[in-house]
Amino acid sequence: MSGLCRVLRVGARAGLRLQSHSAASSKAKAGQEGHGYNFELNDQQKEFQATARKFAREEIIPAAPHYDKTGEYPVPLIRRAWELGLMNTHIPETCGGLGLKIFDTCLITEEIAYGCTGLQTAVEANSLGQMPVIIAGNEQQQKKYLGRMTEEPLICAYCVTEPSAGSDVASIRTRAEKKGDEYILNGQKMWITNGRKANWYFVLARSEGDPGVPASRAFTGFIVEADTPGIQIGRKEINMGQRCSDTRGITFEDVRVPKENVLIGEGVGFKIAMGAFDKTRPPVAAGAVGLAQRALDEATKYALERKTFGKFLAEHQVVSFMLAEMAMKVELARMAYQRAAWEVDQGRRNTYYASIAKAFAGDIANQVATDAVQIFGGNGFNSEYPVEKLMRDAKIFQIYEGTAQIQRVIIAREHIGKYKQ
């Protein structure tokens, strides 16, 4: 059966590649004919969206409560997502991947998040771990570490956050000391998604001993094999939401990394790590939108079934207005992540739009999930109904990959900077 799945997956990927080239040709032709801004998805995008939507509705949603209660890592769902071609979508075709644009990936992410953001986080953290290698890895590094992920359902992780360095990345204490043809890593990372499941890690470490050297030159990015001696993996953290996601602390004690695993060179790790966010924050925002859309759908269905004072909840103006506000927020957040994704796909710096999308979508996911619980009333506070999980799962969107407050710092800097030029 595994052989059959592999054949089907390879066939599907080959077909999608052909569609991709066809879509690209159509897009180029459309551009020549003078067509501009539009909201129409192409055939390939519709197919990916439909595949992810079917997977979420038929396979993720029925299984999600079990993984939320047990905290188990959803291995069968991860494998299934890989078989369907819904994982590793950023990986270039030269490494066996689909080489999808960020916009296309966001469409997939929103649908998976609709089913369960715990699973979506595991998949998206995998993409985050890959992104430094995609944007900064040489051909040998890409083929070795990205190529293996298209051959079997492997996971990687992004190791940057530390116990005393979250938003303040420049405060990282993990050290990398060069000795001959190797670097020796010592330090502790925290809140690492896919920590135990990863086959390899992207690790950011301080390679400059002088504390006066700016962050832009003080750090180096490394690819580290997960089975390297000296790596100690901590216990699984029990979080408020997204409980099936594997989150752990990781300690590096005299971990030897060959110089061949340095990305670009010494001192450019900070730029690589931050550069990855411009490509990964739009999908995170898409995940928040997926959760918000699920909350809106659940609340609307409930409001059309539940009666109070002789009529359906949705017929009470106060509830209908709540649903209207929720719908407005979901639609606007979706447009925000799509703009951010489109910008970076055009080869433009999208930091401003990526932070707007991430901040706004994270906020509205929490607001919409909270309103959904309110519409459900007492039932919404109970674990037998779906919205309490959505409310718990939503909170992390205001924290990981840059807090809501850090996004506002970035937005303000970018906005004011335009007026200073």
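Structure shown above.
The structure reproduced in this document is the subject of the present report. Nothing here was measured: the structure is a model prediction, and the numbers come from that model.

## Points about the overall build of the protein
For step 1, the next point in the chain: For the protein, the count of helices and strands is 12 helices and 9 strands.
For step 2, the next point in the chain: Its C-alpha radius of gyration of 22 Å places the protein within 12% of the 22 Å reference for a compact globule of 421 residues.
For step 3, the next point in the chain: The dimensions of the protein, computed from C-alpha atoms along their principal axes, are 80 × 60 × 50 Å.
For step 4, the next point in the chain: Here the protein, with 421 residues, has 54% of them falling under the buried criterion.
For step 5, the next point in the chain: As presented, the protein carries roughly 19,300 Å² of accessible surface, and 54% of it is formed by carbon and sulfur atoms.

## Considerations on the packing of aromatic side chains
For step 1, the next point in the chain: Taken as a whole and judged by the stated rule, the model has 10 aromatic pairs.
For step 2, the next point in the chain: Their ring planes at 65 degrees and their centres at 5.6 Å tell us that Tyr145 and Trp200 sit as a pair that is edge-to-face. Of the two residues, Tyr145 sits in helix H6 (residues 139-151) while Trp200 sits in strand S4 (residues 198-206), which places them 55 residues apart along the sequence. Here the two residues Tyr145 and Trp200 agree in accessibility, since each one is buried.
For step 3, the next point in the chain: Both rings, one in Phe376 and one in Tyr385, keep their centres 6.0 Å apart while their planes meet at 70 degrees; by these two values the pair is edge-to-face.
For step 4, the next point in the chain: Feature note: the residues Tyr158, Phe202 and Phe277 constitute an aromatic cluster, connected by ring pairs.
For step 5, the next point in the chain: The ring centre of Tyr114 lies 3.7 Å from the NZ or CZ of Arg57, which sits over that ring.
For step 6, the next point in the chain: Lys307 extends its terminal NZ or CZ atom over the ring of Phe312, reaching a point 4.9 Å from the ring centre.

## Here's the deal with unusual backbone geometry
For step 1, the next point in the chain: Despite not being glycine, Asn194 has its phi angle at roughly 70 degrees, a positive value.
For step 2, the next point in the chain: For Asn194, the position within the fold is in the loop between strand S3 (182-193) and S4.
For step 3, the next point in the chain: Although it is not a glycine, Asp254 sits at a positive phi angle of roughly 50 degrees.
For step 4, the next point in the chain: Within the secondary structure, Asp254 sits in strand S7 (residues 247-258).
For step 5, the next point in the chain: On the basis of relative accessibility, which here comes to 48%, the residue Asp254 falls in the partly exposed class.

## Quick look at helix H10 (residues 351-376)
For step 1, the next point in the chain: Taking 1.5 Å of rise per residue, the 26 residues of H10 would be expected to cover 38 Å, and the 37 Å separating its terminal C-alpha atoms lies within 8% of that figure.
For step 2, the next point in the chain: A positive backbone phi angle near 65 degrees is found at Gly377, which sits one or two residues after H10.

## Brief notes about the environment of Arg175
For step 1, the next point in the chain: Looking at the element boundaries, Arg175 is found in strand S2 (residues 175-179).
For step 2, the next point in the chain: For Arg175, a relative accessible area of 39% puts it in the partly exposed group.
For step 3, the next point in the chain: Sequence separation between Arg175 and Gly147 is 28 residues; the distance between their C-alpha atoms is 29 Å.
For step 4, the next point in the chain: Residues in contact with Arg175, not counting those within four places in the same chain, are Ile184, Leu185, Asn186, Ala205, Arg206, Glu208 and Gly209.

## Side note on the pairing of S2
For step 1, the next point in the chain: Where S2 and S3 come together, 5 bridges link them in antiparallel fashion. Bridge pairing in S3 places Ala176 opposite Leu185.
For step 2, the next point in the chain: In sequence, S2 turns back onto S3 through a hairpin of 2 residues, with Gly180 there showing a positive phi of about 65 degrees.

## So, the state of the cysteines
For step 1, the next point in the chain: Going through the model one piece at a time under the given rule, you end up with 0 disulfides.
For step 2, the next point in the chain: Looking at Cys106, it has no disulfide partner, and the nearest cysteine sulfur is the one in Cys156, 18 Å off.
For step 3, the next point in the chain: Classification of Cys106 by relative accessible area gives buried; the value is 0%.
For step 4, the next point in the chain: Cys159 provides the cysteine sulfur closest to Cys156, a residue in no disulfide bond, and the two sulfurs are 9.6 Å apart.

## Regarding the environment of Asn379
For step 1, the next point in the chain: Along the chain, Asn379 turns up in the loop between H10 and helix H11 (387-394).
For step 2, the next point in the chain: Residue Asn379 is classed as partly exposed on the basis of its relative accessible area of 23%.
For step 3, the next point in the chain: Along the primary structure Asn379 and Gly269 are separated by 110 residues, whereas in three dimensions their C-alpha atoms are 48 Å apart.
For step 4, the next point in the chain: Dropping the residues within four chain positions of it, Asn379 is found in contact with Tyr302 and Tyr385.
For step 5, the next point in the chain: Polar contacts involving the side chain of Asn379 include one to the side chain of Tyr302, which spans 2.9 Å.

Conventions we followed
Residues numbered from 1 in each chain as written. Predicted model: local features only at pLDDT ≥ 70, side-chain atom pairs only at ≥ 80, totals over all residues. Heavy atoms only, no water. Helix = DSSP H or I, 4+ residues; strand = E, 2+ residues; numbered from the N terminus. Rg over C-alpha atoms; globule rule 2.2 N^0.38 Å. Buried < 20%, exposed > 50% of the residue type's maximum accessible area, 1.4 Å probe, protein only. Areas by Shrake-Rupley, 256 points an atom, 1.4 Å probe, with all protein chains shown as cover. Phe/Tyr/Trp six-rings, centres within 6.5 Å; stacked < 30°, edge-to-face > 60°. Lys NZ or Arg CZ within 6 Å of the ring centre and 35° of its normal. Expected span 1.5 Å × (residues − 1). Contact = heavy atoms within 4.5 Å. Pairing = 2+ DSSP bridges. Disulfide = S-S within 2.5 Å. Polar contact = N/O pair within 3.5 Å; in protein donor to acceptor, adjacent residues only side chain to side chain.

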